[in-house]
Amino acid sequence: MPRQRTSRRLAADAGLLVAAAAFALPLVWVLLSCVDPHANLRVKIPDGLTLGNFDTILTPDITYTPLLNSLILCGGATALTVVCAALAAYPLSRFRSRLNRPFLLTILFATSLPITAIMVPVYALFVRVNLIDTFQGTILFFAASQLPFAIWLMKNFMDGVPKELEEAAWTDGASALQSLVRIVLPLMGPGVAVVTVFSFVLMWGNFFVPFMLLLSPDQMPASVSINDFFGNRGMVAYGQLAAFSVIYSTPVILLYVLVARKLGSGFALGGAVKG
Amino acid sequence: MTSRQQGARALPRALTRPLTRVLPLTPALVLLLLFLAGPIAYCVYIAFTDLQLTGQAHSSFVGLANFRRAFRDEAFVNAVWLTLVFTVVSSLIGQNTLGLALAGLMRRASKPVRTLTGGIVVTAWVLPEVVAGFLLYAFFRREGTLNAILDWLHLPRQNWLFTLPILAVSFANVWRGTAFSMLVYSAALDEIPGEITEAAEVDGAGGWRRLWHVTLPMIRRSIATNLMLNTLQTLSVFGLIWVMTRGGPGDRSQTLPLFMYEQAFQNSMIGYGTAVALLLLLVGSLFSAVYLRLLKTEVQ
């Protein structure tokens, strides 16, 4: 039995390592190419180490402005999402009402709608109401598109905070808003962190929404401006593209690791899949 | 009479209730109605008009013309077909099966290998969509890594993005999306009590039979929800394909979202593009409704 178990473990290890290698190849490419002075499209040992790729792209035009735009868009939309979701989740979690269930089911339904499909009408609508090519408009739409999922997650986390703790505050005369801000939200800190990080990461990586709703080059976030490495500049500088990809991806990977460490690996799915 | 009296007595409470119960919902409701329900309603409306992008003061109602046109349009049928291939290959087969296989192997593997593989697969998932697109573009290009490996193995090389663009973008989607299935299935497999698999083992059931008769039936709900969510996710993929192939060469990797975009913006026919969007939204709603039903039966 133990020998059989060992051989099984070795087989499983071998299988996983093959899969890991296959998944790793594209990642290895970007990591090697960003420090390679002569990077091309294939994985290869760099012809020498250089930080030149980073030097070239770390300019206001190429890197700082798009990243700042990403930060404003995603930061603004995330703040809006989290505040609205926390407020909305409170009555849904705390009070019984006949409308809760239909509302939550609608929210859950909206969570899985393909937002991609409505981008053309959203564009047409935004042209009409003069929200096209504005940060406000993009932030508002980003927040709305993220809200169903955020409300759903937030409500599930809030359900985990026992009501008794609030009742004491209520008898002391605290209002619902006070007990939400002072008692419930602090107690569900990790839950709020998950909703925040999740919203931010999804928007940071989103390409289609800003691609459709923003037009001026100086307003583009990194998810769209990365396209400029192709086409517009003729020959593609793959080393620079790789360097930019690394800089642009690092924040979301760090955020993910931070939250995943804190809450265990399957954290994000608890709310989404189990309902 | 009694019910009216009760109603009268409940009135003061009924008046203060909205303040604590409805007020907190308002900001979210306003955003959802204006920026989500609004566009969906607008989508339904302009799908029946001939709205164009430029040089048009008024659009007029054209009934079902956009939809009739779509079903006669070879390019639309092609996009439907490619969307189907993309969904089946990358989501139903790729992400789902590979995710289950990885989750299953992880239960037996040693801890360092498990952590390493999990970390790499999840990183591919967390990367921004466009970055993932570039990495896979580099991988599949004629001068890219895949052909370098094939050369090394003395196998024939291909210009993947030209000869098999829809398969290349499907594999890209597998690369990017498998982590989700892997996490779902890891959680599901963890919930199977160890005694059950051990009992089956003692009874002499081999690996495949155990998988087919014990494991899969026990996680069927997770399989169903995972398939639903993967499909919905895959239906709305735009950036990944846009970066890798722009839907080309020709229209050989043009799935419905890219077709919608091309009609609306390159051909400036917002009305027609929106009709396509509406069809995509309907398919999505259908899957979403099935997903809801699944969750409901799971909860009850």
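Anything mentioned here points back to the structure above.
Residues numbered from 1 in each chain as written. Chains lettered and ligands numbered in written order. Predicted model: local features only at pLDDT ≥ 70, side-chain atom pairs only at ≥ 80, totals over all residues. Heavy atoms only, no water.

1. A look at the overall build of chain B
Along chain B, the regular secondary structure elements total 15 helices and zero strands. Against the globule reference of 19 Å for 300 residues, chain B gives a C-alpha radius of gyration of 25 Å, more extended than a compact globule. Across the 300 residues in chain B, those meeting the buried criterion constitute 50%. Summed over all atoms, the accessible surface of chain B reaches about 14600 Å², with 65% contributed by carbon and sulfur. In chain B, 24 side chains carry a positive charge and 15 a negative one; their mean positions are 11 Å apart. (Helix = DSSP H or I, 4+ residues; strand = E, 2+ residues; numbered from the N terminus. Rg over C-alpha atoms; globule rule 2.2 N^0.38 Å. Buried < 20%, exposed > 50% of the residue type's maximum accessible area, 1.4 Å probe, protein only. Areas by Shrake-Rupley, 256 points an atom, 1.4 Å probe, with all protein chains shown as cover. Lys, Arg positive; Asp, Glu negative; His and termini not counted. Charge placed at Lys NZ, Arg CZ, Asp CG, Glu CD.)

2. Focus: the packing of helix H3 (residues 60-94) of chain A against helix H8 (residues 176-187) of chain A
Residue and element names in this part refer to chain A. Two elements in contact, H3 and H8, have axes separated by 11 Å at closest approach and are oriented at 95 degrees. Considering the angle they form, H3 stands roughly perpendicular to H8. Along its contact with H3, which presents Ala86, Leu87, Tyr90 and Arg94, the element H8 presents Ala176, Leu177, Ser179, Leu180, Val184 and Leu185. Of the residues assigned to the contact of H3 with H8, the class counts are eight nonpolar, one polar and one charged. (Axes fitted to C-alpha atoms, helices over the stretch in contact; angles between N-to-C directions. Parallel < 35°, antiparallel > 145°, perpendicular 65-115°, else oblique. Contact = heavy atoms within 4.5 Å. Nonpolar A, V, L, I, M, F, W, Y, C, P; charged D, E, K, R; others polar.)

3. A closer look at the pattern of salt bridges
Summed over the entire model, instances satisfying the criterion amount to eight salt bridges over all chains. Notably, a salt bridge pairs Asp47 of chain A with Lys44 of chain A, separated by 3.5 Å at the nearest N-O pair. Among the ionic pairs, Asp151 of chain B bridges to Arg157 of chain B, the shortest N-O distance being 2.6 Å. Overall, Asp151 of chain B belongs to the partly exposed group, its relative accessible area being 33%. Judged by its relative accessible area of 39%, Arg157 of chain B falls in the partly exposed class. Within the structure, one salt-bridge network assembled from shared partners comprises Asp36, Lys44 and Asp47 of chain A. (Salt bridge = Lys/Arg side-chain N within 4 Å of Asp/Glu carboxyl O.)

4. Section: the nonpolar core
If you look at the biggest cluster of nonpolar residues, it comprises 178 residues, and the most contacted ones within it are Phe141 and Met154 of chain A. The leading source of residues in this core is helix H6 (residues 135-159) of chain A, at 14 residues. Aside from chain neighbours lying at most four places away, what touches Met154 of chain A is Val82, Ala85, Ala86, Ala89, Met188, Val192 and Val195 of chain A. Listed in part, the nine residues of the second largest apolar core include Ala103, Ala188, Ile192 and Ile223 of chain B. (Core = buried A, V, L, I, M, F, W, Y, C linked by side-chain atoms within 4.5 Å.)

5. Some remarks on the layout of surface pockets
Looking at the largest pocket, its volume works out to about 970 Å³. Of all the secondary-structure elements, those providing two or more residues to the lining of the largest pocket are helix H1 (2-33) of chain A together with helix H4 (74-108), helix H10 (194-202) and helix H11 (207-218) of chain B. With seven residues, H4 of chain B is the single largest residue contributor to the lining of the largest pocket. For the lining of the largest pocket, a count of residues per class yields nine nonpolar, six polar and eight charged. (1 Å grid on protein atoms, 1.4 Å probe; cavity = no way out; pocket = protein on both sides within 12 Å on 5 of 7 lines; lining within 4 Å. Points joined across faces, edges and corners; volume = space filled by probe spheres on them.)

6. What to know about the interface of chain A and chain B
Each side of the interface is counted separately: chain A has 85 residues, and chain B has 91 residues. If you sort the residues of chain A by the area they bury against chain B, Leu16, Phe23 and Leu41 of chain A come out on top, with a joint share of 10%. The interface formed by chain A and chain B contains zero salt bridges. Between chain A and chain B we count seven residue pairs in polar contact (both at pLDDT 80 or more) in total. With 17 residues, H1 of chain A is the largest single contributor of residues to the side of chain A that touches chain B. Here the side of chain A that touches chain B is composed, by residue class, of 66 nonpolar, eleven polar and eight charged. (Buried area = accessible area lost by both parts, 1.4 Å probe. Polar contact = N/O pair within 3.5 Å; in protein donor to acceptor, adjacent residues only side chain to side chain.)

7. Looking at the packing of helix H7 (residues 164-171) of chain A against H8 of chain A
Residues and elements named next belong to chain A. Running from N to C, H7 and H8 cross one another at 150 degrees; their axes reach a closest spacing of 10 Å. In this view, H7 runs roughly antiparallel relative to H8, as classed from their interaxial angle. In the crossing of H7 with H8, the sense of the turn from one axis to the other is right-handed. Mapping the contact onto sequence places Leu165, Glu166, Ala169 and Trp170 in H7 and Ala176, Ser179, Ile183, Val184 and Leu187 in H8. Its residues assigned to classes, the contact of H7 with H8 comprises seven nonpolar, one polar and one charged. (Left-handed = near helix turned anticlockwise from the far one by under 90°.)

8. Side note on helix H4 (residues 100-111) of chain A
Residue and element names in this part refer to chain A. Between its terminal C-alpha atoms H4 stretches 16 Å, which fits the 16 Å expected from twelve residues at 1.5 Å a residue. Along H4, the positions that sit buried rather than exposed are Asn100, Phe103, Leu104, Ile107, Leu108 and Ala110. Buried residues of H4, seen end-on, are gathered within an arc of 160 degrees and therefore sit on one face of the element. (Expected span 1.5 Å × (residues − 1). Arc of directions from axis to C-beta.)

9. A closer look at empty space enclosed by the protein
For the structure on display, the rule yields four cavities of 30 Å³ or more. Taken together, 46 residues make up the lining of the largest cavity; nearest its centre are Gln146 and Leu202 of chain A together with Arg176, Gln233 and Ser236 of chain B. Looking at the lining of the largest cavity element by element, the count peaks at six residues for helix H9 (residues 189-205) of chain A. Taken together, the residues of the lining of the largest cavity break down into 30 nonpolar, 14 polar and two charged. Estimates place the volume of the second largest cavity at around 40 Å³. Lining the second largest cavity, in full, are Trp29, Leu32, Ser33, Asp36, Ala39, Asn40, Arg42, Val43 and Lys44 of chain A. Within the lining of the second largest cavity, the residues separate by chemical class into four nonpolar, two polar and three charged.

10. Looking at H8 of chain A
Each α-helix winds once per 3.6 residues, and so residues spaced three or four apart point in a common direction. Residues and elements named next belong to chain A. End to end, H8 covers 15 Å across twelve residues, agreeing with the expected 16 Å (1.5 Å per residue, within 8%). Those residues of H8 not exposed but buried are Ala176, Ser179, Leu180 and Val184. Buried residues in H8, looked at end-on, bunch into an arc of 100 degrees, giving them a common side. Exposed residues lying more than 90 degrees from the buried face of H8 are Arg182 and Pro186.

11. A short note on the packing of aromatic side chains
Counted according to the given criterion, the structure contains 28 aromatic pairs over all chains. Each ring, one from Phe238 of chain B and one from Trp242 of chain B, has its centre 5.5 Å from the other, and the planes form 15 degrees; the classification is stacked. When its relative accessible area of 10% is taken as the criterion, Trp242 of chain B is described as buried. With a centroid separation of 5.3 Å and an interplanar angle of 75 degrees, the aromatic rings of Trp242 of chain B and Tyr261 of chain B are classed as edge-to-face. You can see Trp242 of chain B sitting in helix H13 (residues 239-245) and its partner Tyr261 of chain B sitting in helix H14 (residues 256-266), a full 19 residues away along the chain. A network of ring pairs unites the aromatic residues Tyr123, Phe207, Phe208 and Phe211 of chain A together with Phe238, Trp242, Tyr261 and Phe265 of chain B as a single cluster. The ring of Tyr272 of chain B has Arg69 of chain B sitting right over it, with the charged end atom 4.5 Å from the ring centre. The ring of Phe162 of chain B carries Arg252 of chain B above its face, with NZ or CZ at 5.3 Å from the centroid. (Phe/Tyr/Trp six-rings, centres within 6.5 Å; stacked < 30°, edge-to-face > 60°. Lys NZ or Arg CZ within 6 Å of the ring centre and 35° of its normal.)

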